[in-house]
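A structural walkthrough
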Amino acid sequence: MRKKIFSISFLCLSGAFALYFFFGSIGELSTYQSLKQQTPGKIFQWDIRESKEKFPITALYRFEAQGKVWQGAHRFGPPWDLNQEAAVHRLTILAKQPKMVWFDPQRPSHSSLEKNFPYNSLFRFAVSLGVFLYFGWVFSRSKFNPQ
């Protein structure tokens, strides 16, 4: 009886994790799919703030779409710098590069300076689904095993 409760607990917990990662992946995929158009952007403010002993770079930007000027904020993705000097050096390199803004044509207020396919979240979902299926297989094998 204890083994069944233990395996049911693992099955439910792994199912909850799989659902959590599934919905996260779906959200990131829909964001990736919605950013369909590009336009030149102008960064008007840079910021470097320490977050969990790392230094991500954030940019505030403007762009024009559909006859209006829109604003947005973007935190550049990992890898983040481990000290402020390295972040400032990376910022000087980023500041020299022209910036293109990705935006949703139906909702231009939804925009980003980077458009990256969500490989990490899909990988986490695949691993959690594999764990869930494994525990489901273990539970089904133990359920019919007379002991």
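The structure under discussion appears in the preceding block.
Residues numbered from 1 in each chain as written. Predicted model: local features only at pLDDT ≥ 70, side-chain atom pairs only at ≥ 80, totals over all residues. Heavy atoms only, no water.

Observations concerning the overall build of the chain
What the chain contains, in helices and strands, is three helices and five strands. Relative to the compact-globule value of 15 Å for 147 residues, the chain shows a C-alpha radius of gyration of 22 Å, a clear excess of over 25%. Summarising its shape, the C-alpha atoms of the chain cover approximately 70 × 40 × 15 Å along the three principal directions. By the burial criterion, 26% of the 147 residues in the chain qualify as buried. Just so you have it, the chain exposes about 10,600 Å², and 60% of that area is on carbon and sulfur atoms. (Helix = DSSP H or I, 4+ residues; strand = E, 2+ residues; numbered from the N terminus. Rg over C-alpha atoms; globule rule 2.2 N^0.38 Å. Buried < 20%, exposed > 50% of the residue type's maximum accessible area, 1.4 Å probe, protein only. Areas by Shrake-Rupley, 256 points an atom, 1.4 Å probe, with all protein chains shown as cover.)

Side note on unusual backbone geometry
Pro78 connects to Pro79 through a cis peptide bond whose omega is 10°. Here Pro79 shows up in the loop between β3 (68-75) and α2 (84-96). The phi angle at Lys52 is positive, at roughly 55°, despite the residue not being glycine. Using a relative accessible area of 79% as the deciding quantity, one classes Lys52 as exposed. Of note, Glu53 is a non-glycine position whose phi angle comes to about 65°, a positive value. Along the polypeptide, Glu53 turns up in the loop between β1 (37-48) and β2 (57-65).

Quick word on the side chain of Asp81
Of note, Asp81 is situated in the loop between β3 and α2. At a separation of 3.3 Å, a polar atom in the side chain of Asp81 contacts the side chain of Arg90. Residue contacts for Asp81: discarding those within four places in its chain leaves Lys54, Phe55, Ile57, Ala86, Ala87 and Arg90. (Polar contact = N/O pair within 3.5 Å; in protein donor to acceptor, adjacent residues only side chain to side chain. Contact = heavy atoms within 4.5 Å.)

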